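So you can see what is in the structure, the chains are spelled out below.
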Amino acid sequence: MNGKDNREKNQSNAQTQQEPFKMNAREAVLLDANEPGAYEVIRTMGESPIVIVCDHASNRIPERLNNLGLTDEQLASHIAWDAGAAELARKLSARLDAALILSNYSRLVIDCNRPAGHPESILGQSDNIVVPGNADIDKLEASRRSRTLLDPYQQAIASVISRRDRDNVRLLSIHSFTPSLHGEERPWSIGVCYNHTEQVSSEWAKKMLTGLRTRVGATEDKIGDNQPYEVTEDCDFTLTKQGRKPGIPNLMLELRQDKISDDLMVQRWCNIIAGCCEYSD
Ligand SMILES: [Zn+2]
């Protein structure tokens, strides 16, 4: 997700009045001993052939990075994470008995869904909000973040997949998106996103879309077919690396954030998606 609204623009203006940002960038270690590691794995040996991943699960910033110079309100906004995605992924994992890998740190530290060195890997600005702690990042600092967070997260996904039957495993990525982007409303409650050049993923997407339409029925919820985004090799590192390249069917589900903003709503979508996953198999 990459949205903006007026509230965030105001935050951006406020940002310029803050004290200059200071960071201990030269220390070799990024995480303190009392901080969690790069990722969390749940149900490593779950029975489901589906492996769930959540790239933007958390808005946590390593203590040594001093919140990257951002306010608490900025860190709570969609620029830092996909609000609601982790809760949905956890419920889905429990319901399906599916393995789940979640990133433990904010996409603003390093985006776990971009390859290292990608222009969007470590953003100096996101939706008009300057990220002071990402200004003038040198190769050493970029490498420290990649080594500490991105690489272990991706290795954990590869490890979980490697324990499964290659002919049966599927990869499901859970994200959430902001309801309004550049002044345009995004009408979909949920989007099924895939790379249309991959036959196995497109076939799974069709089944998922059919299942969703059946279950959502006549409610007001609109279902996006490759909306709000299509999965691309350039921007979707996790699905490309872990799914496309080894030939594993892979999908991204994008939930609109106001549709999963409380526990009841999360449970509703968990039930709907879980039904579709069983249908898809
Ligand atoms: Zn996301």
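Not measured: the values here are computed from a predicted model. (Residues numbered from 1 in each chain as written. Predicted model: local features only at pLDDT ≥ 70, side-chain atom pairs only at ≥ 80, totals over all residues.)

Some words on helix α4 (residues 139–162)
Next up, step 1: The largest bend along α4 reaches roughly 40° and is located at Ser146.
Next up, step 2: Residues of α4 that are buried: Arg145, Leu149, Leu150, Tyr153, Gln154, Ala156, Ile157, Val160 and Ile161.
Next up, step 3: Where α4 is buried, its residues touch β1 (39–42), β2 (50–54), β3 (99–103) and α6 (237–244). (Bend = angle between axes of the 7 residues up to and from the residue. Helix = DSSP H or I, 4+ residues; strand = E, 2+ residues; numbered from the N terminus. Buried ≥ 20, exposed ≤ 12 C-beta atoms within 10 Å, placed from the backbone. Contact = placed C-beta atoms within 7 Å.)

Structural notes on the sheet that holds β3
Next up, step 1: Spatial ordering of the open sheet is given by β1-β3-β2-β6-β11-β9-β10, a layout of seven strands whose pairing is mixed. In the strand order of this sheet, the two ends are held by β1 and β10 (222–225), each with one partner. Between one strand and the next, the sheet's axes are offset by a mean angle of 20°, whatever the strand orientation.
Next up, step 2: Looking at chain direction, strand β9 (residues 188–193) and strand β11 (residues 250–256) are connected through four bridges and run antiparallel. For Val192, the partnering residue across the bridge sits in β11 and is Leu253. (Pairing = 2+ DSSP bridges. Axes fitted to C-alpha atoms, helices over the stretch in contact; angles between N-to-C directions.)

A look at helix α5 (residues 199–216)
Next up, step 1: Across its 18 residues, α5 extends 25 Å between first and last C-alpha, which sits within 8% of the 26 Å expected from 1.5 Å per residue.
Next up, step 2: Within α5, burial applies to Ser201, Trp204, Ala205, Met208 and Leu212. For α5, the arc enclosing every buried residue in end-on projection is 105°, short of the 170-degree limit, so these residues lie on one face. The exposed set on the far side of α5, more than 90 degrees from its buried face, consists of Gln199 and Thr214. (Expected span 1.5 Å × (residues − 1). Arc of directions from axis to C-beta.)

Structural notes on the nonpolar core
Next up, step 1: Counting 67 residues, the largest nonpolar core has Val51, Ile52, Cys54, Leu88, Ala89, Leu251 and Leu253 as its most contacted members.
Next up, step 2: In terms of residues, this core owes the most to one element, α4, which gives seven residues.
Next up, step 3: With near-sequence residues (within four places) excluded, Leu251 lies in contact with Leu172, Val192, Cys193, Tyr194, Ser201, Trp204, Ala205 and Met208. (Core = buried A, V, L, I, M, F, W, Y, C linked by C-beta atoms within 7 Å.)

Remarks on the pairing of β9
Consecutive side chains along a regular strand alternate between the two faces of the sheet.
Next up, step 1: β9 sits mainly inside the fold: five of its six residues count as buried.
Next up, step 2: Bridging between β9 and β10 involves four bridges; their strand directions are parallel. Residue pairing in the sheet places Ile190 in a bridge with Ile223 of β10.
Next up, step 3: Handedness of the crossover joining β9 and β10 through α5: right-handed. (Right-handed = clockwise from strand over helix to strand, strands pointing away.)

Section: the environment of Leu253
Next up, step 1: When you line up the elements, Leu253 lands in strand β11.
Next up, step 2: Since 24 C-beta atoms lie within 10 Å of it, Leu253 is described here as buried.
Next up, step 3: Separated by 168 residues in the primary sequence, Leu253 and Ala85 place their C-alpha atoms 9.7 Å from one another.
Next up, step 4: Once you skip the residues sitting within four places of it in the chain, Leu253 turns out to touch Leu172, Ile174, Ile190, Val192 and Ile273.

A look at unusual backbone geometry
Next up, step 1: The omega torsion across Gln227 and Pro228 is 0°, close enough to zero to call that bond cis.
Next up, step 2: For Pro228, the position within the fold is in the loop between β10 and α6.
Next up, step 3: Positive phi, close to 50°, is recorded for Asn66, a residue that is not glycine.
Next up, step 4: Of note, Asn66 is situated in the loop between β2 and α2 (72–76).
Next up, step 5: Residue classification places Asn66 among the partly exposed positions, given that 15 C-beta atoms sit within 10 Å.

The values reported here are purely geometric and, on their own, carry no functional implication.
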